[in-house]
Amino acid sequence: MIIGQIIATNDAEKNYLQQKDLIDRLSKKNKKFYFINCYNLIKKKKIFNNKFCVNKKIIFYNPKSFKELDNFLRINQFLLINNLSPKLYHLRIHLLLNKKNIFQVSIDNLGILSSYYVDNWKSVNLNKKIYFLYIKKFAFFIHKLLIIFGFIKSIDILYLARRDVFQKYSLSPFRKLLFNKRYKKIIPTRPKQVNFNKKMISEKFITYIDMNFNHGDMEMRSTDNTDKAKEIFLYDLKNYFFYLEKKFKKKVVLCLHPSSNKLKYQKIFKEFKVVKSKTETYLLKSYLVLFHESSVINLAIIMNKRIIHLLTKNLGTYFYQRSKIFIKNFNFVTHNLDKPLPPVNKHVINQLDLNVRNYQKSLNKLYFLNKKENSVYNLIAYEINLLKKNKINS
């Protein structure tokens, strides 16, 4: 049996790092793990450098044609992690996966907070509204029809960490019908977590969680994130870092988004430490965590870290509205970078400490955190053992 993941991404490193612990553990359990990247089947040809992965048990496979992929999928029994979207340019891949020998699971355990209205409607112009309706809503409708008529196979299991989303579809018969056509079964799972020794925790740094101020999503959706406004944002952010370093007598560390250009950040923030792929390490060592919008903040909450949420309108309406999603779910201390530097006094520190004790309640409303809920690894390992057992008995 082949265990693997099928994706279509131009950033294999980011995709791997998001589920690194899971992929590494599955590769260890099964001796191999196939990382099947179909990007070259739907986009311009790209040569991928996979030196970021030191795990020799992970095989990076980039099929050159649909025929090659089809032949590969016919040979063995598979358990594939399939997080391909229903977008039309993934359609041909979904059609190839309509085989009896392929057991498919999807994973939604990163705890990402999002809103179609905010991401694809509220902050975009009319042309973009129509574009997103086409590539998302229309594509989703076509995908459903093809499942109903048997051209596309329903994914066997969705492992879902969002308690609120699970409850929403469980309570609505109409939504449940639509949702369960895409997935045969939906199983709760704990969100991605970090296993750490409490002895590793310290309060040495102020950690800033970067979101990449040149991210493609912002460039695509915002018409008001001008270069001038971006310069103002960077100037305000640097001043804010200097201000906090002086107040707390601790150094600021910037933990970059996987898509951020490290050299560019080091040039802009040359007075501060800039790191990449070390976010979890520096969260453990944080006295204070700063962020705009990122699912990584869940890890900071689990680690009982003080958190300040940052707002700015200088990166455009889309980014501003995305950032505000977090305010609706958590009572963070929020600082607006567009306004004069806020007071950081004993009252603010007391509020930060008080919030630490209250965050877990909000987290429990959003995610499955009970110990009775299994991790994604345990759930997938169970299905692998079941498939192997059934193969022996057949």
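In what follows, the accompanying structure is described. Everything numeric here is computed off the predicted structure, so don't read it as measured data.

**Description of the pattern of salt bridges**
A complete count under the given rule lists 10 salt bridges for this structure. Across the pair R162 and D164 runs a salt bridge whose closest N-O atoms are separated by 2.7 Å. Looking at D164, the relative accessible area reads 27%, which means it is partly exposed. Among the ionic pairs, K238 bridges to E271, the shortest N-O distance being 3.6 Å.

**Some thoughts on helix 7 (residues 126-148)**
With 23 residues, helix 7 should reach 33 Å at 1.5 Å per residue; the first-to-last C-alpha distance of 32 Å fits that figure. A bend of about 35 degrees at L133 is the largest found in helix 7. Those residues of helix 7 lying buried are K129, F132, I135, A139, H143, K144, L146 and I147. Its side-chain oxygen 3.3 Å from the backbone nitrogen of N127, N125 forms the N-cap of helix 7. Immediately beyond the C-terminal end of helix 7, within one or two residues, lies G150, with a positive phi of roughly 85 degrees.

**Some thoughts on the side chain of D70**
Structurally, the position occupied by D70 is in helix 4 (residues 66-75). For D70, a relative accessible area of 14% gives the class buried. Beyond its immediate stretch of four places on either side in the chain, D70 contacts L96 and K99.

What counts, and where the lines are drawn
Residues numbered from 1 in each chain as written. Predicted model: local features only at pLDDT ≥ 70, side-chain atom pairs only at ≥ 80, totals over all residues. Heavy atoms only, no water. Salt bridge = Lys/Arg side-chain N within 4 Å of Asp/Glu carboxyl O. Buried < 20%, exposed > 50% of the residue type's maximum accessible area, 1.4 Å probe, protein only. Helix = DSSP H or I, 4+ residues; strand = E, 2+ residues; numbered from the N terminus. Expected span 1.5 Å × (residues − 1). Bend = angle between axes of the 7 residues up to and from the residue. Polar contact = N/O pair within 3.5 Å; in protein donor to acceptor, adjacent residues only side chain to side chain. Contact = heavy atoms within 4.5 Å.

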